[in-house]
Amino acid sequence: MPIQRTSLNVSLTPALEQFIADRVSSGRYQTASEVVRAGLRLLEQAEAAHAPTTAESPLSRSAMEHA
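Quick caveat: nothing in here was measured; it's all calculated off a predicted structure.

The first and last C-alpha atoms of helix α2 (residues 32-50) sit 27 Å apart over 19 residues, in line with the 27 Å expected at 1.5 Å per residue. Among the residues making up α2, those that are buried are V35, R37, A38 and E44.

Before going further, it helps to spend a moment on the confidence of the model for the protein chain. Per-residue confidence for the protein chain gives a mean pLDDT of 85, with 76% of residues at or over 70. Helix α1 (residues 14-25) holds the highest mean pLDDT among the elements of the protein chain, 98, whereas helix α3 (residues 61-65) holds the lowest, 55.

Together, L8, V10, L12 and L16 make up a nonpolar patch on the protein surface, roughly 420 Å² of accessible area in all. Along the chain, L12 falls in the segment before α1. In this structure L12 comes out as partly exposed when scored by relative accessible area, which is 41%.

The rules we used
- For every chain, the first residue of the written sequence is number 1, and numbering continues from 1 onward in sequence order.
- Reporting in this predicted model follows two pLDDT cut-offs: at least 70 for local features of residues, and 80 or more for side-chain atom pairs to be given and counted; totals over whole chains, interfaces and linings ignore these cut-offs and use all residues.
- Excluded from the side-chain calculation are hydrogens and water; included are all heavy atoms of the structure.
- We count a stretch as a helix when DSSP gives it H or I for four or more residues in a row; a strand needs E for two or more, and each element gets its number in order from the N terminus.
- Here a helix's expected span is defined as the number of its residues, less one, multiplied by 1.5 Å.
- With a 1.4 Å probe rolled over the protein chains alone, any residue whose accessible area is under 20% of its type maximum counts as buried; one over 50% counts as exposed, and the rest are partly exposed.
- pLDDT measures how confident the predictor is about each residue, on a scale from 0 to 100.
- Within this analysis, patches are made of residues with over 30% relative accessible area and no salt bridge. Like charges are joined at 9 Å or less; nonpolar side chains (Val, Leu, Ile, Met, Phe, Trp, Tyr) at 5 Å or less.
- Calculation of accessible area relied on Shrake-Rupley with a 1.4 Å probe; when residues are assessed, cover is drawn exclusively from the protein chains displayed.
- Think of a salt bridge as a Lys or Arg side-chain nitrogen and an Asp or Glu carboxyl oxygen that are within 4 Å of each other.

Take a look at the structure:
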């Protein structure tokens, strides 16, 4: 079953925009969206480590792995 994706516009500082562009230019990521999803996965892990819960996050591991 394909994962449904939505668009979201965010405002970034010039430094964050450059950071994303550098990651894409390095070849590690193909798009800015991949960089942002990777960052969100790390934030999700950090949040879970600080406040463990039995409820699964909306950014479930299986959904994020297919990003």
